[in-house]
Amino acid sequence: MTIQTKHNFGAGPCILPASVLEQAAEAVKNWDNSGLSILEVSHRSPKFEEVVVKTEALVRELLEVPEDYAVLFLQGGASTQFSMIPQNFLQKHQKAAYTDAGLFGEKSIKEAKYFGEVEVVGSSAGEGYAMIPEIGSVTKDMAYFHCTSNNTIEGTEMFSFPELGIPLICDMSSDIFSRVMPIGQFDLVYAGAQKNMGPAGMTLVLVKNELLDTVKHPVPSMSDYRIYRDNQSMFNTPPVYSIFVAMLNMQWLKARGGVAQIEKENIAKAALLYAEIDRNPLFYGMAVKEHRSRVNICFKMHDQTKEEDFLSFATDRGMVGIKGYRTVGGFRASLYNALQIDSVKALVACMQDYEKQHGNN
Ligand SMILES: *Cc1c(COP(=O)(O)O)cnc(C)c1O
């Protein structure tokens, strides 16, 4: 087996556990000794229906999803949720409250404006998105409040969530399953699979039934959460393989001790890398310390002209995916669940070796 010889810090699609990749590969060839590939079976077959049931049970168990929430597997990525949410929950005469804490927040605001009025109640655009914005005035007549728990591109993360007396909706694409989240505090949570859950193609939505009951206007079927709920995510063909691999990945996480356990490991990984960023005179962290993401760690070099050279130095040592997002620059190391602490140690060693060769001159 020659897979995973690199240290994969890619932001998404991202690293998955080697054992998951092996099982996923085997199922493509011969799924459970059925003589069939997982890629060629009906989504209505009892065997696949069992996969959906198991995956839902794992989501509920690992994330401690309250009973009165629907667990949905959709397509279209987190980006489709940017428009599906206002299409369901924002009326023309209403306003929705949004925070603008990064590029994905900006995109969610743009899409919501197709359906109604948006009030940006917190923005850190003026600070270059280096922090989580403070939340301004939110009134009870607003349709809902939308935030992003982890800003994948800018490397900031929310560690507490407001209680505002209106529905709370959160894009958890990049930190779901990485830390214990108070799901019951939210009315709707969504996440694309490819950051921590599995391969691209599936979007997880957790939604409180009470919120769905408030929808009174007609919604096209493919955008109507109630249709997916009432058909166990099988209104049309779901992303079969993506759900299957997500199930394998959740089984792996459960065997590893679950979310609370992996959160401890994730805290240790992030602390190790931030310590080096803060110690090493060549580098600095981009986010304010209180809001530093544990998942996506963004940093730059004081001497920007050395960044390309460091990137090739690191690439030669097996580091993959550490180039920062194109509009942000610098570096971004994503430390998702499957990334081992040894990979973080390798990156730290790389930064230290570079300092020895290039520092102080
Ligand atoms: C990646 C990401 C998205 C976009 O996800 P797609 O699945 O590509 O649509 C949205 N929000 C956040 C926070 C992300 O990290």
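As the structure is a computational prediction, the values presented were derived from the model and not from experiment.

A few words now on the site of the ligand. Taken together, 13 residues lie near the ligand, and Ser-79, Thr-152, Asp-171, Gln-194 and Lys-195 sit nearest. Relative to its unbound accessible surface of 390 Å², the ligand loses 87% to contact with the protein. Counting residues per element, the shell around the ligand draws most heavily on helix H3 (residues 77–89), at 4 residues. Taken together, the residues of the shell around the ligand break down into 3 nonpolar, 8 polar and 2 charged.

This brings us to the UniProt feature "domain: Aminotransferase class V" (unreviewed entry) in the protein chain. According to UniProt, the feature "domain: Aminotransferase class V" (unreviewed entry) maps to residues 8–347 in the numbering used here. With 35% helix and 17% strand, residues 8–347 has end C-alpha atoms that lie 10 Å from one another.

What follows deals with the sheet that holds strand E14 (residues 331–334). Strand order in the open sheet made by the 3 strands is E11-E12-E14, with antiparallel pairing throughout. Unpaired on one side and paired on the other, strand E11 (283–285) and E14 mark the two borders of the sheet. Pairwise comparison of adjacent strand axes, ignoring direction, gives a mean angle of 35 degrees for this sheet. The pairing of strand E12 (residues 296–301) with E14 spans 4 bridges and is antiparallel.

What we call a disulfide is simply a covalent bond connecting the sulfur atoms of a pair of cysteines. All told, the structure shown has 0 disulfides when counted by the stated rule. Summary of cysteine pairing: Cys-14 is not part of a disulfide, and the nearest cysteine sulfur, belonging to Cys-298, is at 15 Å. Using a relative accessible area of 11% as the deciding quantity, one classes Cys-14 as buried. Note on Cys-170: no disulfide assigned, nearest cysteine sulfur contributed by Cys-147 at a separation of 3.9 Å. By relative accessible area, which is 0% here, Cys-170 ends up buried.

Taken domain by domain, the protein chain holds domain 1 (19–255) and domain 2 (257–358). Counting from both sides, the interface comprises 26 residues of domain 1 and, opposite them, 25 residues of domain 2. Both faces combined, the contact of domain 1 with domain 2 buries some 2100 Å², and carbon together with sulfur accounts for 58% of it. Seen at the junction of domain 1 and domain 2, the total is 0 salt bridges. Seen at the junction of domain 1 and domain 2, the total is 16 residue pairs in polar contact (both at pLDDT 80 or more). With 4 residues, the single largest contributor to the side of domain 1 that touches domain 2 is helix H7 (residues 240–255). Partitioning the side of domain 1 that touches domain 2 into residue classes produces 13 nonpolar, 7 polar and 6 charged.

What counts and how
Residues numbered from 1 in each chain as written. Predicted model: local features only at pLDDT ≥ 70, side-chain atom pairs only at ≥ 80, totals over all residues. Heavy atoms only, no water. Near = heavy atom within 4 Å. Areas by Shrake-Rupley, 256 points an atom, 1.4 Å probe, with all protein chains shown as cover. Helix = DSSP H or I, 4+ residues; strand = E, 2+ residues; numbered from the N terminus. Nonpolar A, V, L, I, M, F, W, Y, C, P; charged D, E, K, R; others polar. UniProt positions renumbered as here; feature names shortened; annotations may be inferred. Pairing = 2+ DSSP bridges. Axes fitted to C-alpha atoms, helices over the stretch in contact; angles between N-to-C directions. Disulfide = S-S within 2.5 Å. Buried < 20%, exposed > 50% of the residue type's maximum accessible area, 1.4 Å probe, protein only. Domains from an automatic or database assignment. Contact = heavy atoms within 4.5 Å. Buried area = accessible area lost by both parts, 1.4 Å probe. Salt bridge = Lys/Arg side-chain N within 4 Å of Asp/Glu carboxyl O. Polar contact = N/O pair within 3.5 Å; in protein donor to acceptor, adjacent residues only side chain to side chain.

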